[in-house]
Number of protein chains: 2
Amino acid sequence: MDEILNIDFEKLQSDILELLANKKYSAIRNIFLEMNPADIAEIMNELPLSNLPVLYRLLPKELAADTFVEMDSDVQTHLISSFSDTELHDILDEIYLDDTVDIIEEMPANVVKRILANSDADTRAMINKILQYPEDSAGSIMTVEYVSLRKNMTVDEAINRIRRTGIDKETIYTCYVTDYHRTLLGVVTAKDLLLSESDKLIEDIMETNVISVHTHTDKEDVAQMFSRYDFMVIPVVDDEDRLVGIVTVDDAIDVIEEEATEDIEKMAAINPSDKPYLQASVWETFLHRIPWLLLLMISAIFTSIIITGFEDALSSTIILSACMPMLMDTGGNCGGQASVTIIRALSLGDVVFKDIFKIIWKELRVGVLCGIVLAVVNFIKMMIQYPDAGFSVKIVVSLSLFLAIVVAKLIGCVLPLLADKIGFDPAVMSSPFITTIVDALSLLIYFALAVVIMHIPVT
Amino acid sequence: MDEILNIDFEKLQSDILELLANKKYSAIRNIFLEMNPADIAEIMNELPLSNLPVLYRLLPKELAADTFVEMDSDVQTHLISSFSDTELHDILDEIYLDDTVDIIEEMPANVVKRILANSDADTRAMINKILQYPEDSAGSIMTVEYVSLRKNMTVDEAINRIRRTGIDKETIYTCYVTDYHRTLLGVVTAKDLLLSESDKLIEDIMETNVISVHTHTDKEDVAQMFSRYDFMVIPVVDDEDRLVGIVTVDDAIDVIEEEATEDIEKMAAINPSDKPYLQASVWETFLHRIPWLLLLMISAIFTSIIITGFEDALSSTIILSACMPMLMDTGGNCGGQASVTIIRALSLGDVVFKDIFKIIWKELRVGVLCGIVLAVVNFIKMMIQYPDAGFSVKIVVSLSLFLAIVVAKLIGCVLPLLADKIGFDPAVMSSPFITTIVDALSLLIYFALAVVIMHIPVT
């Protein structure tokens, strides 16, 4: 990314520290003025905390607020502790409400108190309300700063209202038409306004089929609606259908990325973390990974019981032991492919539970194809690797492989669908989990075939 | 998703088919007029192809074009074949250029020819140009329909220009200031225009620090810039810094979702497909999955060689065989956790190659923690499961487990970083791949410890 952005962050950081040591403040200010808030924040995140208050005060008010929003939360906490109450008030004044709420959610309690104490009564009430929505709901990511219009305004009056009140709104490009009870009547875009006659009435140009979400709608579903309908913004209504806020596309992108990361982590048997990798401590990373490892390790007890039960089969030829890892890994890989595909398709909305028979039928055919190819290749491989071994052991391994693959594909597609149906997150049916189940089943098939085909007595 | 959208697609489909049978066309039209293009397309995708031309002609021109863009490509192909040249021309006229290019990329050659033949000469030239950009580049997803302004215009003149030309532009909210050579000078938002005095000059209100991308920039990097900077749109320039197009946030969202799906597929050892699960044929799904399965199965030859080499160790006690799957699975899971975390962090830009020592140091500590916990639990588990077995075999299994976990964590984090460094996609260093390597290493550690601690002669 750094190369794409064409910014050498390390050089900039050392330049700034040098200028700071020489008290060349206006030179630093000029560097910052050329930069985007996200980039300034990236530099400040890495600088010694003691230098931050001085550097931060070099930024003009609006740029300072935009930069603050982009910083790591420990840096924000440090900066807030260095602010006077007036400074804190000024910053909070510039920040959009949804960003303030995001910041508050990461802060220690004493800092939250100071932030609330330095907000206006109105803002404080709104922050408190947003904080009460469930963590993953539309309400928790919405902002309340939108442009509202009345249906009997003319286009000109509407444009004047935007000119008067637009400066503090997160977007002025989608305006909402409400009545005196704040019921959502329609939506008008700035494009509609600019392209319409100035004396037309809003009610004549507004779109009345407005797609909205509820304050309690899952934010993942909200994000999927942005991707489905190519929206820039979506209105959020309460139980009485009153407009209470809007979610903007930049927040939807964050949700889409977060959710993909969460899915990926769950698929690798990791409890999701909301911190970037390098910011999570070793202890946190350990705690997110160990529960699944423990559970999966302990469930391997089934495979060990199966193996112990077939001691005679295993001791009859070392080839049966030697092919065990190949059989289990291939089964695990096949099951993993199927489960990951279905989990992703579920979370993109490409498949739903009622497709289960279509899916099983498809995976069955894919499994048979994969099984035939792999079993034949394995048979040839064994002819080369063990030319002197009996025919029956090669048949046992190849046939087990075929059956294990078909079973793995079926289990891999069915379990995520069932998990989803009974209200669990399908991503929990990840490949490590499927692998553990498929391992035990493959070994059962393997030893059963060995007993039957190679005429080995069971212990 | 269906429940969130509050649309019962199956009922709607049967209602529409019934209305169609009774020739109640205006009732159907009224249903469609209340709906969003993406939803109409979803319904049409599932209806019998023979009914489509009639239904489609019920839509007013603009809605028809928006719906067309959202349809599956086989439905689009069928519809185009039923269009007269005039109808095709009208539709193409309504569609934004980047969508036309998306459609063309999925069509058979004869349909592409008809589309090009029914476009204006200008459009045809632009389509051909966009089709020449590399598949994953900014150029391939951009649109050329943007608003351009001159720096010596007044705010009023700029607004008038938007009113005159805006109707055909994909966005009018971000306008680009260019000179007569199309060199990008600055950017002005509709918000700036609406909130400024009408006689101000554009050059006095434009932002001159414009972040742009090159036509050949990877579209994944472009999408990451949207997420980093909260952009709605980003300008695309050519080698001579001339503005050639824009990428809008809706296309960036598609790229972000596609890339996450691709990463997830690669992590499960599947070659990425660009079709939704149910649309891909069994044969396609098979072809995307089999290469990695074959490669991984054949690489299991190393584990079988290792096992064959330690026949004596294995035959000394069944417990060594019985614990093999647990050891290999746990190693594979630990390596998978590390690799998946690093692959995702790389693709979100959270880590870069130069962090390698920080990452190794962190994974080493996490590995030691996980290793201690799992080895101790395993030791206790073995005391219960095999009370009569010797002390040395329990030590061999637990110590191997500890070492395998630490090695797995290190390999899991290093390989994706190395792959990225030498220009490969790090997602290829997926958990199945890591598992295969870790399997062989764990078994080597396992048998070596068995030989040393249990005094078993090597074959």
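On a predicted model such as this, the values are computed, not experimentally measured, just so you know. (Residues numbered from 1 in each chain as written. Chains lettered and ligands numbered in written order. Predicted model: local features only at pLDDT ≥ 70, side-chain atom pairs only at ≥ 80, totals over all residues. Heavy atoms only, no water.)

## Description of the overall build of chain A
Across its full length, chain A holds 24 helices and six strands. Radius of gyration (C-alpha) of chain A: 30 Å, far over the 23 Å computed for a compact globule of 459 residues. Dimensions of chain A, computed from C-alpha atoms along their principal axes, come out at roughly 90 × 65 × 40 Å. In chain A, which comprises 459 residues, the proportion classed as buried is 55%. Sequence separation of at least 24 residues holds for 67% of the intrachain contacts in chain A that already meet a minimum separation of 6. Working note: accessible area of chain A is about 19400 Å², and carbon and sulfur atoms make up 56% of it. Taken as two groups, the 34 positive and 70 negative side-chain charges of chain A have centres that lie 3 Å from each other. (Helix = DSSP H or I, 4+ residues; strand = E, 2+ residues; numbered from the N terminus. Rg over C-alpha atoms; globule rule 2.2 N^0.38 Å. Buried < 20%, exposed > 50% of the residue type's maximum accessible area, 1.4 Å probe, protein only. Contact = heavy atoms within 4.5 Å. Areas by Shrake-Rupley, 256 points an atom, 1.4 Å probe, with all protein chains shown as cover. Lys, Arg positive; Asp, Glu negative; His and termini not counted. Charge placed at Lys NZ, Arg CZ, Asp CG, Glu CD.)

## Topic: the sheet that holds strand E6 (residues 243–248) of chain A
Residue and element names in this part refer to chain A. What the three strands build is an open sheet, ordered E4-E5-E6; its pairing is mixed. The strands lining the two open edges of the sheet, one partner per strand, are strand E4 (213–214) and E6. Relative to strand E5 (residues 233–237), E4 is paired through two bridges, and the arrangement is parallel. Each bridged residue has a counterpart across the sheet, and for valine 213 the counterpart in E5 is valine 236. In the packing of helix H16 (residues 219–229) onto the sheet, contacts are made with E4, E5 and E6, and the angle to E5 comes to roughly 140°. (Pairing = 2+ DSSP bridges. Axes fitted to C-alpha atoms, helices over the stretch in contact; angles between N-to-C directions.)

## Brief notes about the side chain of Glu259(B)
Residue and element names in this part refer to chain B. Along the chain, glutamate 259 falls in helix H17 (residues 249–267). For the buried glutamate 259, which has no salt bridge, the nearest side chain bearing the opposite charge is lysine 219, at an N-O separation of 4.9 Å. In this view, glutamate 259 contacts Lys219 and Glu220; residues no more than four positions away in its chain are not counted. (Salt bridge = Lys/Arg side-chain N within 4 Å of Asp/Glu carboxyl O.)

## Notes on a nonpolar patch on the surface
Together, Trp361(B), Leu364(B), Val368(B), Ile372(B), Val376(B), Ile380(B), Met383(B) and Ile384(B) make up a nonpolar patch on the protein surface, roughly 740 Å² of accessible area in all. Along the chain, Leu364(B) turns up in helix H22 (residues 356–385). (Patch = residues over 30% accessible without salt bridge, like charges linked within 9 Å, V, L, I, M, F, W, Y side chains within 5 Å.)

## A word on the side chain of Asp263(A)
Residue and element names in this part refer to chain A. In this fold, aspartate 263 is placed in helix H17 (residues 249–267). One buried charge, aspartate 263, has no salt-bridge partner; the nearest side chain with opposite charge is arginine 344, at 4.4 Å. Look past the residues within four positions of aspartate 263 in its chain and what remains in contact with it is Arg344, Ser347 and Ala427.

## Notes on the packing of helix H21 (residues 318–347) of chain B against helix H24 (residues 431–453) of chain B
All names here are of chain B. Relative orientation of the contacting elements H21 and H24 amounts to 140°, with a least axis distance of 8 Å. One way to sum up the angle between H21 and H24 is to call them oblique. As for how H21 packs across H24, the hand of that crossing is right-handed. The residues of H24 that touch H21, namely those facing Ile319, Leu320, Cys323, Met324, Leu327, Met328, Gly331, Gly332, Gly335, Gly336, Ser339 and Val340, are Ser431, Ile434, Thr435, Val438, Asp439, Ser442, Leu443, Tyr446, Phe447 and Ala450. By residue class, the composition of the contact of H21 with H24 is 13 nonpolar, eight polar and one charged. (Parallel < 35°, antiparallel > 145°, perpendicular 65-115°, else oblique. Left-handed = near helix turned anticlockwise from the far one by under 90°. Nonpolar A, V, L, I, M, F, W, Y, C, P; charged D, E, K, R; others polar.)

## Section: the pairing of strand E2 (residues 174–178) of chain B
On a regular strand, each side chain points to the face opposite its neighbour's, so the side chains alternate between the two faces of the sheet. Residues and elements named next belong to chain B. The buried fraction of E2 is high, at five of five residues. A two-sided burial pattern is seen for E2, the buried positions comprising Thr174, Tyr176 and Thr178 on one face and Cys175 and Val177 on the other. In this sheet, E2 lies alongside strand E1 (residues 148–149) in parallel orientation, the contact comprising two bridges. Paired with serine 148 across the two strands is tyrosine 176, which belongs to E2. Judged from the five bridges that link them, E2 and strand E3 (residues 184–189) form a sheet pairing that is antiparallel. Residue threonine 174 lies in a different strand from E3, and its bridge partner there is threonine 189.

## Focus: unusual backbone geometry
Negative phi values dominate among residues other than glycine, just as trans dominates among peptide bonds. Here the phi dihedral of Arg182(A) falls at roughly 65°; this positive angle occurs in a residue that is not glycine. Mapped onto the elements, Arg182(A) comes out in the loop between strand E2 (174–178) and strand E3 (184–189). Take Arg182(A): its relative accessible area is 37%, and that puts it in the partly exposed class. The phi angle at Asp230(B) is positive, at roughly 55°, despite the residue not being glycine. With respect to the helices and strands, the residue Asp230(B) is situated in the loop between helix H16 (219–229) and strand E5 (233–237). When its relative accessible area of 31% is taken as the criterion, Asp230(B) is described as partly exposed.

## With respect to the environment of Val397(A)
Residue and element names in this part refer to chain A. Mapped onto the fold, valine 397 is located in helix H23 (residues 391–421). For valine 397 and isoleucine 445, which are 48 residues apart along the polypeptide, the C-alpha to C-alpha distance reads 9.9 Å. Contact partners of valine 397, with chain neighbours within four places excluded, come to Cys323, Met326, Asn378, Met382 and Tyr446.

## Here we look at the nonpolar core
Counting 130 residues, the largest nonpolar core has Tyr56(A), Phe68(A), Tyr56(B) and Phe68(B) as its most contacted members. The contact partners of Tyr56(A), leaving out residues within four places of it in the chain, are Met44(A), Ala64(A), Ala65(A), Phe68(A), Met71(A), Leu79(A), Phe83(A) and Ile91(A). (Core = buried A, V, L, I, M, F, W, Y, C linked by side-chain atoms within 4.5 Å.)

## Let's talk about the sheet that holds strand E1 (residues 147–149) of chain A
All names here are of chain A. The strand order across the open sheet formed by three strands is E1-E2-E3, and the pairing between neighbours is mixed. Both outer strands of the open sheet, E1 and E3, are each paired with one neighbouring strand and no more. Shown here is a sheet whose adjacent strand axes are inclined to one another by a mean of 35°, direction ignored. Pairing analysis gives three bridges linking E1 to E2, with the strands arranged parallel.

## Some thoughts on the interface of chain A and chain B
Across the contact, 122 residues belong to chain A and 122 residues belong to chain B. Linking chain A to chain B there are eight salt bridges. Glu363(A) is paired through a salt bridge with Arg289(B); the nearest N and O atoms lie 2.8 Å apart. There are 38 residue pairs in polar contact (both at pLDDT 80 or more) connecting chain A and chain B. Broken down by element, the side of chain A that touches chain B gets its largest block of residues, 19 residues, from helix H21 (residues 318–347) of chain A. Of the residues that constitute the side of chain A that touches chain B, the class distribution is 73 nonpolar, 22 polar and 27 charged. (Polar contact = N/O pair within 3.5 Å; in protein donor to acceptor, adjacent residues only side chain to side chain.)

## Topic: the relation of the copies chain A and chain B
In screw terms, the move from chain A to chain B is a rotation of 180° and a rise of 0.0 Å along the axis, fitting with an RMSD of 0.1 Å. What the rotation and shift describe, once combined, is the action of a two-fold rotation axis. Most of the interface of chain A is mirrored in chain B, where 100% of its interface residues again form contacts. (Least-squares fit on C-alpha atoms with pLDDT ≥ 70 in both.)

From the geometry alone we can't say anything about function, so treat these as descriptive.
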